[in-house]
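# A closer look at the structure
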Amino acid sequence: SVEEFFKLLDESGLMSAGEFDKFLAKLPPHIRTSNASTIARELVAAGNLTEYQAACLYQGRPKGLVLGNYVVLEKLGAGGMGQVLKAKHRRMDRIVALKVLSSKAIDSPNAVKRFHREVKAVARLNHTNIVTAFDADEADGIHYLVMEYVEGADLASMIRTEGPLPVDRAVDYVMQAADGLSYAHKNDVIHRDIKPENLLIDTEGVVKILD
């Protein structure tokens with residue numbers, strides 16, 4: 001029902017009761033008294049919610065849509081340890097990527113320790129060819145790492161789309177990745193999982209090492 005949807009929306013922290021009431025007041029009466037899916041579509045169309053947020057709420061999953069100062073916008077990917085989400089800092093309006101531990105991983109002390117090791121390792125690194133870490137925190141039992149958001153595609157996706165790369169581009173990407181790895185090694189950080197999926201190429205052709 002609309003009432004249940006509103007309760008989930010309120011629990012998520014995405015909109016206050018006052019904001020939701022103001023939004024409903026602007027809608028035509030026949031939409032205002034319709035069902036939750038229609039209201040959700042109206043919120044998305046008006047820019048109050050993203051499709052990802054609306055889907056999570058409609059599925060009864062409000063937890064984790066707001067983590068500290070970060071509002072989750074959409075899902076970027078997933079792995080064995082958890083998922084990567086696109087988010088926005090509420091005050092700074094800065095778009096970031098959040099690496100979030102899965103609930104299964106949180107139940108494993110070893111997984112949490114491994115995550116904290118990764119957080120400390122990446123915090124020591126500041127290089128053009130390595131994704132920058134801004135922050136790390138925990139909210140409502142959810143552990144997350146805040147990283148720069150890179151507009152682009154990983155190397156594996158690029159090759160699937162474009163096919164084999166020209167030699168000069170391939171050499172350029174390998175050299176950039178080598179520069180980033182060399183810097184990490186000098187700072188006593190070993191990657192252990194270099195593969196095309198962990199090499200992001202931004203819109204300027206700059207390689208960013210992930211994970």
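Residues numbered from 1 in each chain as written. Predicted model: local features only at pLDDT ≥ 70, side-chain atom pairs only at ≥ 80, totals over all residues. Heavy atoms only, no water.

## Some words on the packing of aromatic side chains
- Tallied over the full model, the rule gives two aromatic pairs.
- For the pair Phe6 and Phe20, a centre-to-centre distance of 5.0 Å together with 20° between the ring planes defines the contact as stacked. Here Phe6 is found in helix H1 (residues 2-12), whereas its partner Phe20 is found in helix H2 (residues 17-25), with 14 residues between them in sequence.
- Its relative accessible area of 2% is what places Phe20 among the buried residues.
- Measuring from centroid to centroid gives 6.3 Å for Tyr70 and Tyr144, while their planes differ by 75°, and the two rings are edge-to-face. Placement of Tyr70 in strand E2 (residues 70-78) and of Tyr144 in strand E6 (residues 142-148) is noted, with a sequence separation of 74 residues between them.
- Exposure remark for Tyr70: the relative accessible area of 6% places this residue in the buried category.
- Assessed through its relative accessible area of 2%, Tyr144 is described here as buried.
- Seen from the ring of Phe134, Arg94 lies directly overhead, with NZ or CZ sitting 4.0 Å from the centre. (Phe/Tyr/Trp six-rings, centres within 6.5 Å; stacked < 30°, edge-to-face > 60°. Helix = DSSP H or I, 4+ residues; strand = E, 2+ residues; numbered from the N terminus. Buried < 20%, exposed > 50% of the residue type's maximum accessible area, 1.4 Å probe, protein only. Lys NZ or Arg CZ within 6 Å of the ring centre and 35° of its normal.)

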